[in-house]
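# Report on the structure
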Amino acid sequence: MKFGGTSVADIDRIKAVRDLISGEVNNGWTVVAVVSAMSKETNKLIDLAKQVGVESLVDPEYDALISTGEDVSSSLLAIALNSHGVSARSWRGWQLPVRTDSFYSNAKIEEIETKQLESSFKDGTKVAVVSGFQGIDKSGRVTTLGRGGSDTSAVAIAAAIGAKRCDIYTDVSGIYTTDPRIKINASKLKRISFEEMLEMASLGANVLQTRAVELAMRHKVPITVLNSFSKEEGTLVCDEEEIMEKNIVSGIAFQKNESQITLTNIEDKPGVAAKIFGPLASSGVNIDMIVQSNTETGLTNITFSCPADDLQMAKKAISKAKENSLISFERLIENKNLAKVSIVGIGMKTHAGVAQKMFETLSDENININVISTSEIKLSVLIERKYLELAVRSLHDAFGLQNL
Ligand code: ADP
Ligand code: ASP
Ligand code: MG
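Residues numbered from 1 in each chain as written. Chains lettered and ligands numbered in written order. Predicted model: local features only at pLDDT ≥ 70, side-chain atom pairs only at ≥ 80, totals over all residues. Heavy atoms only, no water.

Close contacts around ligand 2 come from S36, A37, T42, E70, F133, R147, G148, G149 and S150, and that covers them all. One of the side-chain nitrogen or oxygen atoms of R147 is found 2.7 Å away from an oxygen atom of ligand 2. G149 places a main-chain nitrogen or oxygen 3.3 Å from an oxygen atom of ligand 2. Within the complex, 86% of the 260 Å² of free accessible area of ligand 2 lies under protein. Of the residues contributing to the shell around ligand 2, the split by class is 2 nonpolar, 5 polar and 2 charged. (Near = heavy atom within 4 Å. Polar contact = N/O pair within 3.5 Å; in protein donor to acceptor, adjacent residues only side chain to side chain. Areas by Shrake-Rupley, 256 points an atom, 1.4 Å probe, with all protein chains shown as cover. Nonpolar A, V, L, I, M, F, W, Y, C, P; charged D, E, K, R; others polar.)

Let's shift gears to a nonpolar patch on the surface. Side chains of L57, V58 and F103 sit close together on the surface and give an oily, nonpolar patch of about 280 Å² of accessible area. Relative to the assigned elements, L57 resides in the loop between α2 (41–51) and α3 (60–66). L57 sits in the partly exposed class, given a relative accessible area of 43%. (Patch = residues over 30% accessible without salt bridge, like charges linked within 9 Å, V, L, I, M, F, W, Y side chains within 5 Å. Salt bridge = Lys/Arg side-chain N within 4 Å of Asp/Glu carboxyl O. Helix = DSSP H or I, 4+ residues; strand = E, 2+ residues; numbered from the N terminus. Buried < 20%, exposed > 50% of the residue type's maximum accessible area, 1.4 Å probe, protein only.)

A few words on the pattern of salt bridges. What the rule picks out here adds up to 18 salt bridges. Between K44 and E41 there is a salt bridge, with the nearest N and O atoms lying 3.1 Å from each other. Of the two residues, K44 and E41 both sit in helix α2, 3 residues apart, roughly one turn of that helix. R141 is the salt-bridge partner of E61, the closest N and O atoms lying 2.9 Å from each other. Residue E61 is located in helix α3, and its partner R141 is located in the loop between β7 (134–136) and β8 (142–144); the two are separated by 80 residues in the primary sequence. Note on E61: relative accessible area 48%, which makes it partly exposed. For R141, a relative accessible area of 29% corresponds to the partly exposed category. If you follow the salt bridges from partner to partner, you end up with E24, R165 and D167 in one network.

Just geometry here; none of it tells us what the structure is for.
In structure tokens form, the structure reads like this:
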């Protein structure tokens, strides 16, 4: 059972979580409860680090600091369970341990040891409360798994112990056809395939961390997303074969803060793309969509998108490459007021006309498309940010998602 920040936001919420867990213990389950920091705590810690001038996020001290929020909630929950007669103990990531690489602030889990956990269950502990988000690297330093990383802790532990279930409790009642924070009649999905969920998460639906879905898919961990505030049935994230009726489009995901750079009149010869994207990769810019359009004059334009937060870094990397005569182009045109909207569905593999419908719907609303990218089960477009909600609403409508 994993509980996110809002599910452990205050003492009342922690008591509610305690009751959910003791309900499962009474039903005969042995439980590993993975917890996030209390709501907003991680943001506060990040802000404190900035105030004392943290220079890079790839710094073990940064992880040592921002991982501490989880320890408060795991200990509080263990105390609450014990004082309620349910035998529990808390575990920090390093105590299991959850072994990771050394990519501070965004570490990857390499291995989880479960021996100690299992022997504590043999000794009669009913609930292991684990601080999510945390790991330890080879040099013995604490690491963190990236924002939203407690989801990944939960799935990885479930895989490592061969758990029967992995229930992820949050503040909404499952996976919806789009973010329920957008005021439309989003429908709750009964089931969604790992593949679709992976696309949804990586395209902006941060209800589950992308890496958690990747791990669940690889290790076949069935995830149920549930609401810790209400007893509704949640959404099962499972194999495609377990879904009888496949939706053409299951959901709409979006990223609010995107930006785009166009470089004009680049010399069109082998190796230029590598020369442009090499320096961008080395500076850690997260490039997303790329379009190249050739002209007959032997020159070419390249447009690419990246998160708005990475725009300055991208411009710097490109200017430096130009100064060092690694690349040549005429103009750099930027737009930092963009958003990306994506439609996702496994049914797209076998149905034609989905792209056409998406483009027509946006054109009916007079929304211009800057860049398009596709995969077998998704279609993404980059549009002006001010049209984001309108685009999500009209696409939700056009694909009949309110009636799923
Ligand atoms: P937690 O703290 O429990 O990990 P998160 O804030 O990380 O919770 O994730 C839950 C949030 O994800 C919801 O409040 C919701 O606004 C957002 N979300 C985005 N897309 C979706 C979606 N398609 N279905 C459900 N929730 C979504
Ligand atoms: N507390 C961490 C964060 O806010 C991890 C998590 O909530 O999953 O990103
Ligand atoms: Mg989360």
